[in-house]
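Residue-level listing of the chains:
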Amino acid sequence: MKPNSSKKLWKIGSKEYNTQYFDFNKDGDLIIKEGHNIYNVRYLADKMGSPLEILLPFVVEERLEDFLDLNKELSKKVGYQGKFFYHYPMKVNQNKEVVMALVGEGAHLETSSYNDLYLIKKMLEAETFNPNIRILCNGPKTDKYMNLIDELQHKGTKIFPLIEGPSELKFLQHSRYDVGIRLDMPVKAASIWNKPVDRFGFPAKDILEMGKFKNLKILHYHVGSQIETLNDVIGPIKYALDIFFKLKEKNPTLDTLDIGGGMPIPYERTKSYPVEKLMEKIFELLKSEAEKRGVPHPNLICEWGRYIVAPAQITVYKVIDTKKINSKKVDGKKWYVIDGSFMNDLPDTWAIKQKWAIAPVNNKNDKNLNEVWLAGSTCDSDDIYTGVKGSVTLPDYDYDSEQPMYIVVFDTGAYQASLSMQHCLLSSPIKIIAENGHIVVARKRETAEDVGKLFGW
Ligand SMILES: *Cc1c(COP(=O)(O)O)cnc(C)c1O
């Protein structure tokens, strides 16, 4: 196919879908463009083997920089006078290369466990992090987690435990350090993670009936991930602001609203609401609601994880076999068997029926397109991927060809690494970093010995 028709078909080179970093060269190979540096994905797969994860820290940096610049611009335009803080939720991707790239661009952090916070402590002690970095601590606090928070507070770190339940409240309500509290948000939003009943934080009524805090700074909530509509982001903010101002009457130190995560990624290559429009609406709302009551504009914290890091990694597989699909009832006509596993490497495919955009890595002169279903290499009948529209469009696979056939899965930078597993004892993909024109192996491919060790061999 001509590069231009390939680009159109697989929606490569489009800012709207975060694929502006990718292109097909004249040989039909997928390339990554980092300014003047070009990486040929087929060449990398030949050299490093597959399955292969390619992490792109420059994409992380660029996305955060754009987001922070946008907020500066919009606050000015709207006349919003609060402060804006971006906190990266570490659970989305804890790989050091990702966290370091974000912190380097000015991100603050949010932890969900003792282990997250332990890593931060290590970086602070090594003076690798700016000592002024701000840390939010979410999640239920074990004694160990609580003690580490306390230790860091004593050392002068700007750390804010977000009170999650009654036992934490007992310890933290009268703390001499700053704290936040989590609101259980009753306003429902379109998101798989937004459940009819959940267990996080306290209902508004309980929060408003609590006695005065010593140092309450933050009111926090999190509705869910990948929130489908703009109004479903705005509705909860309106609800939370009402509670915020009531709570502030008793606790004048309260000055910050933390709206959690939720900004979506166009995994399925359909249009989403624009971030510019959403942020402008948020700043306008904070300003107008505060002015109605004659109080200062609240500061804003946003913890969008997926939105910043999902497009910064791609996963490459080799097709190793093909078979006919013997059913007329489905859109797929052929199976393409890949040399890795959807269940293991991209577990959201299995857990929540997550969809991914998929394209060929090499498609020189391939005019024959097939509607295929992809099969992973485990023996599990669930280890398949059937595409956004019921099948995936890919060039013909010819097992007699000298050329291997590789495929790429986009937007694999969020959540998949820490959820991944070892079903059938397959090895996890090798992970490489492409940055400043260089390739570095971040995580070697697991050997049989490595995987065996995990199970006591
Ligand atoms: C998971 C989570 C986030 C990140 O959500 P995204 O949808 O990835 O932006 C932020 N805050 C909290 C409290 C979370 O649990």
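Since the model is a prediction, treat every value here as computed from it, not as a measurement.

J.: Can you lay out the sheet that holds strand β6 (residues 108-111) for me, pointing to particular residues and giving the numbers?
T.: Working definition: the strands of a sheet are paired by backbone hydrogen bonds and lie parallel or antiparallel to each other. Spatially, eight strands are ordered β5-β6-β7-β8-β9-β10-β11-β12 in a closed barrel, and the strand pairing comes out parallel. Averaged over all neighbouring strand pairs, the angle between strand axes comes to 25°, with direction disregarded. Here strand β5 (residues 84-89) runs beside β6; their pairing, made up of three bridges, is parallel. Pairing of His 87 across the sheet is with His 108, part of β6. Most of the contacts of helix α6 (residues 143-154) go to strand β8 (residues 158-163), to which it runs at about 145°, and overall it touches β6, β7 (134-137) and β8.

J.: Can you tell me about the pairing of β6, naming the residues and giving the values?
T.: Of the two faces of β6, both are covered, the one formed by His 108 and Glu 110 as well as the one formed by Leu 109 and Thr 111. Remark: the β5/helix α4 (residues 96-104)/β6 crossover connection has right-handed handedness. For β6 and β7, the ladder comprises three bridges, and the chain directions are parallel. When the bridges of β7 are listed, Leu 109 appears paired with Ile 135.

J.: Provide a residue-level description of the pattern of salt bridges, including the pertinent values.
T.: Scanning the entire structure with this criterion turns up 22 salt bridges. Taking the shortest distance from any N to any O, the salt bridge between Lys 217 and Asp 255 comes out at 3.0 Å. Here the residue Lys 217 occupies a position in strand β10 (residues 216-220), and Asp 255 occupies one in the loop between α9 (230-250) and β11 (256-258), the gap between them amounting to 38 residues. Using a relative accessible area of 21% as the deciding quantity, one classes Lys 217 as partly exposed. A salt bridge links Arg 293 to Glu 289, with the shortest nitrogen-to-oxygen separation between them at 3.0 Å. Taken together, the positions of Arg 293 and Glu 289, both in helix α10 (residues 275-293) and four residues apart, correspond to about one turn of that helix. Classification of Glu 289 by relative accessible area gives buried; the value is 17%. Salt bridges linked by common partners bring Asp 242, Lys 246, Glu 289, Lys 292 and Arg 293 together as one network.

J.: Before we move on, could you go through the pairing of strand β19 (residues 405-409) and cite the residues and values that matter?
T.: Within a regular strand, the side chains alternate between the two sheet faces. Judged by how many residues are buried, β19 sits mostly within the fold: five of five residues are covered. The alternating pattern of β19 places Met 405, Ile 407 and Val 409 on one face and Tyr 406 and Val 408 on the opposite face, and all of these are buried. One ladder, built from three bridges, connects strand β15 (residues 358-360) with β19; its direction is antiparallel. Counterpart to Ala 359 in the pairing with β19 is Val 408.

J.: Please set out the site of the ligand residue by residue, giving values where relevant.
T.: Around the ligand lies a shell of 17 residues, among which Lys 91, Ser 225, Glu 303, Gly 305 and Tyr 415 are the nearest. Burial of the ligand by the surrounding chains reaches 92%, relative to a free accessible area of 390 Å². If you map the ligand onto the pockets, it falls in the largest pocket. Classifying every residue of the shell around the ligand gives four nonpolar, eight polar and five charged.

What counts as what
- Residues numbered from 1 in each chain as written.
- Predicted model: local features only at pLDDT ≥ 70, side-chain atom pairs only at ≥ 80, totals over all residues.
- Heavy atoms only, no water.
- Pairing = 2+ DSSP bridges.
- Helix = DSSP H or I, 4+ residues; strand = E, 2+ residues; numbered from the N terminus.
- Axes fitted to C-alpha atoms, helices over the stretch in contact; angles between N-to-C directions.
- Contact = heavy atoms within 4.5 Å.
- Buried < 20%, exposed > 50% of the residue type's maximum accessible area, 1.4 Å probe, protein only.
- Right-handed = clockwise from strand over helix to strand, strands pointing away.
- Salt bridge = Lys/Arg side-chain N within 4 Å of Asp/Glu carboxyl O.
- Near = heavy atom within 4 Å.
- Areas by Shrake-Rupley, 256 points an atom, 1.4 Å probe, with all protein chains shown as cover.
- 1 Å grid on protein atoms, 1.4 Å probe; cavity = no way out; pocket = protein on both sides within 12 Å on 5 of 7 lines; lining within 4 Å.
- Sits in = over half its atoms within 2 Å of the grid points.
- Nonpolar A, V, L, I, M, F, W, Y, C, P; charged D, E, K, R; others polar.

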